[in-house]
Amino acid sequence: MPAAFDFTDQPLSYIERLELRELRAIDLVVIHCTELPDLALAREFGERMQDTERQTGFSGHFYVDRDGTVHRYVPIERIAHHTRGYNPRSVGIELVNLGRFPGWFDSRRQHMSDPYPEAQIDALVELLRWLRSGLPNLVCIAGHEDLDRDKVPSSDAPEVQVLRKRDPGPQFPWRDVVRWSGLERITSFSGIAGP
């Protein structure tokens, strides 16, 4: 990877247990939002939410804070667990944003109104351009909401189903990010083969 990108390296405690992969296997970036109030809670979540089978947590590779600072929690040559079914081929990027916090699955709280600051989006675009310059097969971008469409019973009324994932949500400026990054937005991977 080219070295000209400024991020803070903060590896999670379990990264040595994450599988290695060839960088040429990566053709996709998945955009998430933390659905938590701040970066510290997102970090705690990444360390605490453990996959007992793998003895690893659930986390993206990069986290972009509201002020545009970028933190790397997992090196891209390792497979992070951020999107079911797409982890071996993708880089996960988490944006600090409230999303549906604190009522993620409350049917009365599914509206996502927290905006993404300009500094955060600018940093995201620079990160995407840097990734494209070092990953020869990276061509696609998707939201977590595009790739995980499962529904779950709501926490307030179990007979009502809500989407399990809605991030990055309706406030995310897809048109600008796609145009500025040069990546193609994919909303489904049916019929699209990996590299």
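Remember, it's a predicted structure, so these values are computed and weren't measured experimentally.

## A short note on the sheet that holds strand E2 (residues 28–33)
Neighbouring strands of a sheet are bound in pairs by backbone hydrogen bonds; such pairs are parallel or else antiparallel.
Stage number 1. Spatial strand order, E1-E6-E5-E7-E2-E8-E11: 7 strands in an open sheet with mixed pairing. In the strand order of this sheet, the two ends are held by strand E1 (8–9) and strand E11 (184–185), each with one partner.
Stage number 2. In this structure, E1 lies alongside strand E6 (residues 70–72), joined through 2 bridges in parallel fashion. Of the residues in E6, the one forming a bridge with Asp9 is Arg72.
Stage number 3. Of the strands in this sheet, E2, strand E8 (140–143) and E11 touch helix H4 (residues 174–181), which is tilted by about 160 degrees from E8.

## Quick look at the side chain of Ser181
Stage number 1. Within the secondary structure, Ser181 is located in helix H4.
Stage number 2. Polar contacts involving the side chain of Ser181 include one to the main-chain amide nitrogen of Leu183, which spans 3.2 Å.
Stage number 3. Excluding its chain neighbours within four sequence positions, the residues that come into contact with Ser181 are Val125, Leu128 and Arg132.

## Quick notes on unusual backbone geometry
Stage number 1. For the peptide bond that leads from Phe101 to Pro102, omega is 0 degrees, which places it in the cis range.
Stage number 2. Among the secondary structure elements, Pro102 is positioned in the loop between strand E7 (90–95) and helix H2 (118–134).
Stage number 3. Pro168 follows Asp167 through a cis peptide bond whose omega is 10 degrees.
Stage number 4. For Glu35, which is not glycine, the phi dihedral falls at a positive 55 degrees.
Stage number 5. Position of Glu35 relative to the elements: it lies in the loop between E2 and helix H1 (39–48).
Stage number 6. The exposure class assigned to Glu35 is buried, which follows from its relative accessible area of 6%.

## Some words on the confidence of the model for the protein chain
A low pLDDT means the predicted coordinates there should not be read in detail.
Stage number 1. For the protein chain, per-residue confidence averages 92 on the pLDDT scale, and 91% of positions sit at 70 or higher.
Stage number 2. For the stretch residues 191–195, pLDDT sits under 50, and the model shows 10 contacts to residues farther than four places along the chain or on other chains.

## Brief notes about the environment of Pro88
Stage number 1. Mapping Pro88 onto the fold places it in the loop between E6 and E7.
Stage number 2. Accessibility expressed as a relative area gives 48% for Pro88, which makes it partly exposed.
Stage number 3. When the C-alpha atoms of Pro88 and Phe7 are compared, they prove to be 23 Å apart, with 81 residues separating the residues in sequence.
Stage number 4. Residue contacts for Pro88: discarding those within four places in its chain leaves Arg21, Ala25 and Ile79.

## Describing the packing of aromatic side chains
When we look at a pair of aromatic rings, we describe it by the centre distance and by the angle of the planes.
Stage number 1. If you walk through the whole model with that rule in mind, you get 9 aromatic pairs.
Stage number 2. Aromatic pair Phe101 and Trp104: ring centres 5.8 Å apart, planes at 65 degrees, arrangement edge-to-face.
Stage number 3. Aromatic ring contacts, followed pair by pair, group Phe5, Phe7, Phe62 and Trp130 into a single cluster.
Stage number 4. Residue placement shows Arg43 over the ring face of Tyr73; its charged tip is 4.6 Å from the ring centre.
Stage number 5. Sitting over the face of the ring of Trp174, Arg185 holds its NZ or CZ atom 4.0 Å from the ring centroid.

So, how was this worked out
- Residues numbered from 1 in each chain as written.
- Predicted model: local features only at pLDDT ≥ 70, side-chain atom pairs only at ≥ 80, totals over all residues.
- Heavy atoms only, no water.
- Pairing = 2+ DSSP bridges.
- Helix = DSSP H or I, 4+ residues; strand = E, 2+ residues; numbered from the N terminus.
- Contact = heavy atoms within 4.5 Å.
- Axes fitted to C-alpha atoms, helices over the stretch in contact; angles between N-to-C directions.
- Polar contact = N/O pair within 3.5 Å; in protein donor to acceptor, adjacent residues only side chain to side chain.
- Buried < 20%, exposed > 50% of the residue type's maximum accessible area, 1.4 Å probe, protein only.
- pLDDT = per-residue confidence, 0-100.
- Phe/Tyr/Trp six-rings, centres within 6.5 Å; stacked < 30°, edge-to-face > 60°.
- Lys NZ or Arg CZ within 6 Å of the ring centre and 35° of its normal.

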